[in-house]
Amino acid sequence: MTKIEIPPDHPRRVSLETREAIIEGHESHIVATAGLLAHGRGEAFDYLIGERTTELAATAARAAVAALLSAKHPVISVNGNACSLVPEALVELSEICGAPLEINLFYYMKEREDAIKAALFAAGAKEVLGTKDRPSTIIPELSSNRRKVDPDGIGSADVILVPLEDGDRTEALKAIGKFVITIDLNPMSRTAVYSDITVVDNIVRVLPLMVELAREMKDFPKDTLHEIVKNFDNTENLDNSVRIIMDHLAASAIDISERRRKFETGVRDQ
Ligand code: ATP
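Conventions adopted
Residues numbered from 1 in each chain as written. Predicted model: local features only at pLDDT ≥ 70, side-chain atom pairs only at ≥ 80, totals over all residues. Heavy atoms only, no water. Helix = DSSP H or I, 4+ residues; strand = E, 2+ residues; numbered from the N terminus. Rg over C-alpha atoms; globule rule 2.2 N^0.38 Å. Contact = heavy atoms within 4.5 Å. Areas by Shrake-Rupley, 256 points an atom, 1.4 Å probe, with all protein chains shown as cover. Lys, Arg positive; Asp, Glu negative; His and termini not counted. Charge placed at Lys NZ, Arg CZ, Asp CG, Glu CD. Buried < 20%, exposed > 50% of the residue type's maximum accessible area, 1.4 Å probe, protein only. Pairing = 2+ DSSP bridges.

**Student:** An account of the overall build of the protein chain is requested, with residue identities and associated values reported.
**Tutor:** Tallying secondary structure elements over the protein chain gives eleven helices and eight strands in all. Relative to its length of 270 residues, the protein chain is compact, with a C-alpha radius of gyration of 19 Å against a globular reference of 18 Å. Look at the contacts in the protein chain between residues 6 or more apart in sequence, and 65% of them connect residues 24 or more apart. Carbon and sulfur atoms make up 54% of the accessible area of the protein chain, which amounts to about 13700 Å² in all. For the protein chain, the separation between the mean place of its 32 positive charges and that of its 43 negative charges on side chains is 2 Å.

**Student:** For the environment of Glu-141, give the residues involved together with the corresponding values.
**Tutor:** Note on placement: Glu-141 falls in the loop between strand 4 (137-138) and strand 5 (148-149). Separated by 34 residues in the primary sequence, Glu-141 and Ala-175 place their C-alpha atoms 7.4 Å from one another. Ignoring sequence-local partners within four residues, the contact set of Glu-141 consists of Ala-172, Ala-175 and Ile-176.

**Student:** Would you mind going over the pairing of strand 1 (residues 74-78) in detail, with residue names and values included?
**Tutor:** Of all five residues in strand 1, five are buried; the element is thus mostly enclosed. On strand 1, burial covers both faces: Pro-74, Ile-76 and Val-78 on one face and Val-75 and Ser-77 on the other are all buried. Bridging between strand 1 and strand 2 (residues 101-103) involves three bridges; their strand directions are parallel. By the bridge assignment for strand 2, Val-78 is matched with Ile-103.

Given below as structure tokens:
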């Protein structure tokens, strides 16, 4: 399929480019069809938080990095959407934090696993866990395909980053005692609510920020890292994230008449 040229001054350029990346991921079998819809849900929430990294998200990202760096055995769980959007950042974060990448798919297809594995290796990964050729163990609390995990990865992890996850899996990981970090644009999703640290931001913006933070923080003493994690309050984080959406909606409602007036006088929307 021909790639669409998005004009540099298009007001929705970044969002459209991200959409193109997901579509390409779907065409190369990395992203499941349902992944396209999950992305759309994310886009809607991104619109509502103002398509920016809020201070809250940056604070949550810092706590998330502190948890990964201070873990005994951190792991980063990778699905098709995350892989198609930020393959290089996943690999970099994995290397800095010593957190192996593990493929874990809701819509399992050998073809998808191979495509994700190839994309991660192309992005610089040296090892990818959770693949068919590796041993597997079972998370008893889950019935879906994803109950199979790698014993050297999620199976023995104490801290797991599960970006763009669904609630059942997060619930199962919590039930077996894991410390769960997620990246989810919807602060009301089950995953967001069940996790220990929820970074309410677009993975496209926040994973590169987490890589930067990991570089900055990697030599911090363990006590300092533990303190950052201990001081993070996810309930407060989620409450305030919902508030940001409400404030943004209220401000947008006020702004509509002004935007309509500008449109009628030929001023382009930003
Ligand atoms: P849950 O089961 O946790 O209640 P859900 O049913 O909405 O949530 P899915 O549709 O499986 O879960 O997961 C998609 C989640 O990922 C959604 O909450 C969506 O907002 C979020 N999401 C999608 N794209 C992105 C993205 N680029 N960055 C961050 N979050 C995203």
